[in-house]
Number of protein chains: 2
Amino acid sequence: MKRKITLKDIAKELEVSISTVSKSLKDSPEIGEDTREKVKAFAALYNYKPNNIAISLKNRRTKNIALIIPEIVNDFFGEVIGGVEQVANEKGYNVIVCLSNESFDKEVVNIDTLAHGGQVDGFIISLSKETMLRQDYNHLIEVENQGMPLVMLDRVTEQVLCDKVIVDDARGSYNAVSHLIEQGCKKIALITTVDYISVGHLRTQGYIKALGDHGLELDPSLIVRIDGIAGCEDPIKKLVENQDIDGVFAVNELFAVTAMKAVQNHGKKVPQDVAIIGFSDGKLLKHATPAVSTVSQHGEEMGRVAVKMLLKRLQSDKEEESFSTRVIKTSLIKRESSGS
Amino acid sequence: MKRKITLKDIAKELEVSISTVSKSLKDSPEIGEDTREKVKAFAALYNYKPNNIAISLKNRRTKNIALIIPEIVNDFFGEVIGGVEQVANEKGYNVIVCLSNESFDKEVVNIDTLAHGGQVDGFIISLSKETMLRQDYNHLIEVENQGMPLVMLDRVTEQVLCDKVIVDDARGSYNAVSHLIEQGCKKIALITTVDYISVGHLRTQGYIKALGDHGLELDPSLIVRIDGIAGCEDPIKKLVENQDIDGVFAVNELFAVTAMKAVQNHGKKVPQDVAIIGFSDGKLLKHATPAVSTVSQHGEEMGRVAVKMLLKRLQSDKEEESFSTRVIKTSLIKRESSGS
DNA sequence: TTGTAGGCGTTATCAC
DNA sequence: GTGATAACGCCTACAA
């Protein structure tokens, strides 16, 4: 690789010292007008740009942040990346994206490498499923102990003290289910994840509360808990065919469209016979036929907020004070699948 | 931020020199067995990890690569990220993801910053629409001139000499359209992008050739070219309602589902009245009802291949030799929307 | 007004 | 066997 021009090169060429060059380029009043101009002209001509690695070494900050997410084939995380990247770039930070692929080990390796290697100034992380299942958060606690800022996003845990960005999952699903009830649904199925996933758990609670508040019986046979994304068709199909339901609340996009497909294949109409509402505002629900109502969690905004919290920590020198949790409001997007 | 432990710290603590520590940790036979062990034990105890920034400065390589893509709310690019990230991580590289948002300016800024700033060792890029429209590739040519490896992916141009990874777009769409014809379609609409987008252009050519080879007339009124993603509904709707078609080939996911929706709203059945086939194997087509046939471009593999090409360049010191273009084979995924 | 020197953390060369 | 030194590119306190 062709070597890039350095301060030293300029200094030699112009027969001045390195510090003169450095100061000139920073418009230091220490340096005489004419030398300053001469240096700047030369630097511009040769397209000089300071070497960020050297600056990082000197300043002990890299202007990189790590974003660790469980997967990417999920519009929610795609949006998060977008939001994070946008704000980070505006503020002069680069985003290193790491996928844990829902694996505890990969999450740990990623974090350890970046944290100890000193490649990033801070982390934004959404926990992998496996991590939540094992409830082993030492890698994160250690990051915090090192004094590296850490912001958790969406999939969080109380066992790590740090800034957090979440949505009001329980309320979001409460509203969604209430909406179904208002549309006249009486027998509403819930398609959710296993309980160790923080958001799945909260969304389940919203469902339960909504039923209760509207005087509907909680019928456990209308609830199906799915572990993993592969092979969700079967349990959903079974539920749809064996239970006499008139509404479905699904805690993510995939479950919602899968349920809709099962309903339609079963010869029923959406929303006339069965109304459906999902969670997460991705393409899948928007472009389904009929378009599926959903709870928007504003992934992009969550990403933006997370970066801002992180940068705030990075820019203040006072250690630790107190941590805050920002709750982003969900909003209900009513589409065809839940009646007019 | 708490300072991380350095060689110097260890040296002071153990009352040996820095070089002794460095060599011990690298298991250099120069150092006596016992000092070596002592140092290693101490380092392990305090969880010493070398500072990668310092190493980068010394070695003039960062072990970071930049991936520049136009957008992320598109499963194809999501898959690409996955593939890139996977192989890069395996090889000890980090991936800095940048979104150009289809903007020429942002693409230029991203590249200039990272290239001149010395934050990355190489680039993988998929061109923004605006860049292809303007045909201004100076920022990329300059990267090449600097001797930084550059791999173009999917959206490429002949005007930049570098390694490339593409799919056989023309053949992929040829196969797709041929499949429709074999299913008995006679009047096949083409929903494509404007022509300056390399892949849109090629896919259009495949369509034309397939018609010709099967003795079907090319009817320009069956072709609609859409600029941008917003507001594709109207032209598609108009086409579907005004033309008597029995097949649709769309060059991306969104156009395909939008067409399907228009067809269904128009009171026709898919695939009985109108067969549909798309391009790109994302969730949108897979989970549509009916599931939509498509041409898979294997985004993840493209990403993997791109990184491998990039790393190969990075690891060989010989400059420039010749550039290669890897063509990934598409495959036809037959689903419900195009008949049995 | 300009230059010198030391340091950020590491490695490699060379001297002891 | 071990250590001193210089270098990667930049910044800055201090000296001239």
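All of these numbers come straight from a predicted model, not from anything done at the bench.

Some remarks on the interface of chain B and chain A
Here is step 1 of the chain: Listed as interface residues are 59 residues of chain B and, on the opposing side, 58 residues of chain A.
Here is step 2 of the chain: With both sides pooled, the region where chain B packs onto chain A buries about 5000 Å², and carbon together with sulfur makes up 56% of that total.
Here is step 3 of the chain: Where chain B packs against chain A, one counts 4 salt bridges.
Here is step 4 of the chain: Salt-bridge contacts for Glu85(B) lead to Lys106(A); the nearest nitrogen and oxygen are separated by 3.1 Å.
Here is step 5 of the chain: Remark: the boundary between chain B and chain A carries 20 residue pairs in polar contact (both at pLDDT 80 or more).
Here is step 6 of the chain: Mapped by element, the contributors of at least two residues to the side of chain B that touches chain A are α4 (52-59), α5 (75-90), β2 (94-99), α6 (104-117), α8 (138-145), α12 (253-265) and α13 (283-286) of chain B.
Here is step 7 of the chain: Broken down by element, the residue count for the side of chain B that touches chain A peaks at 7 residues, all from α6(B).

Topic: the packing of helix α1 (residues 7-14) of chain A against helix α3 (residues 33-45) of chain A
Residues and elements named next belong to chain A.
Here is step 1 of the chain: Contact geometry for α1 and α3: axes closest at 11 Å, N-to-C directions at 125°. Taken together, α1 and α3 sit at an angle that is classed as oblique. Seen along the crossing, α1 lies across α3 with a hand that is right-handed. Touching Ile10, Glu13 and Leu14 of α1 are Lys38, Val39, Phe42 and Ala43, all from α3.
Here is step 2 of the chain: Classifying every residue of the contact of α1 with α3 gives 5 nonpolar, no polar and 2 charged.

Focus: the domain arrangement of chain A
The accessible area lost on association of the parts is a frequent measure of interface size.
Here is step 1 of the chain: You can read the domains of chain A as domain 1 (7-50), domain 2 (61-166 + 299-329) and domain 3 (169-297 + 332-338).
Here is step 2 of the chain: On a C-alpha basis, the centres of domain 1 of chain A and domain 3 of chain A stand 65 Å from each other.

Things to note about the sheet that holds strand β10 (residues 293-296) of chain A
All names here are of chain A.
Here is step 1 of the chain: Here we have 6 strands laid out as an open sheet, ordered β7-β6-β8-β9-β10-β12, and mixed in their pairing. Only two strands of the sheet have a single neighbouring strand rather than two, namely β7 (223-226) and β12 (331-333). Within this sheet the neighbouring strands show an average axis-to-axis angle of 15°, counted without direction.
Here is step 2 of the chain: Where strand β6 (residues 188-193) and β7 come together, 4 bridges link them in parallel fashion. By the bridge assignment, Leu190 is partnered in β7 with Ile223.
Here is step 3 of the chain: Relative to β6, helix α10 (residues 198-213) is tilted by about 165°, and along the sheet it contacts β6, β7, β8 (247-250) and β9 (275-279).

Quick notes on the pattern of salt bridges
Residues and elements named next belong to chain B.
Here is step 1 of the chain: In the structure shown here, the tally under the stated rule is 31 salt bridges over all chains.
Here is step 2 of the chain: Notably, a salt bridge pairs Lys40 with Asp27, separated by 3.1 Å at the nearest N-O pair. In this pair, Lys40 is assigned in helix α3 (residues 33-45) and Asp27 in the loop between α2 (18-25) and α3, connecting sequence segments 13 residues apart.
Here is step 3 of the chain: Taking relative accessible area as the criterion, Lys40 reaches 28% and is therefore assigned partly exposed.
Here is step 4 of the chain: Between Asp75 and Lys283 there is a salt bridge, with its nearest N and O atoms 2.7 Å apart. Pair noted here: Asp75 is in helix α5 and Lys283 is in helix α13, with a separation of 208 residues, a long-range link. Like Lys283, Asp75 is buried.

The rules behind the values
- Residues numbered from 1 in each chain as written.
- Chains lettered and ligands numbered in written order.
- Predicted model: local features only at pLDDT ≥ 70, side-chain atom pairs only at ≥ 80, totals over all residues.
- Heavy atoms only, no water.
- Contact = heavy atoms within 4.5 Å.
- Buried area = accessible area lost by both parts, 1.4 Å probe.
- Salt bridge = Lys/Arg side-chain N within 4 Å of Asp/Glu carboxyl O.
- Polar contact = N/O pair within 3.5 Å; in protein donor to acceptor, adjacent residues only side chain to side chain.
- Helix = DSSP H or I, 4+ residues; strand = E, 2+ residues; numbered from the N terminus.
- Axes fitted to C-alpha atoms, helices over the stretch in contact; angles between N-to-C directions.
- Parallel < 35°, antiparallel > 145°, perpendicular 65-115°, else oblique.
- Left-handed = near helix turned anticlockwise from the far one by under 90°.
- Nonpolar A, V, L, I, M, F, W, Y, C, P; charged D, E, K, R; others polar.
- Domains from an automatic or database assignment.
- Pairing = 2+ DSSP bridges.
- Buried < 20%, exposed > 50% of the residue type's maximum accessible area, 1.4 Å probe, protein only.

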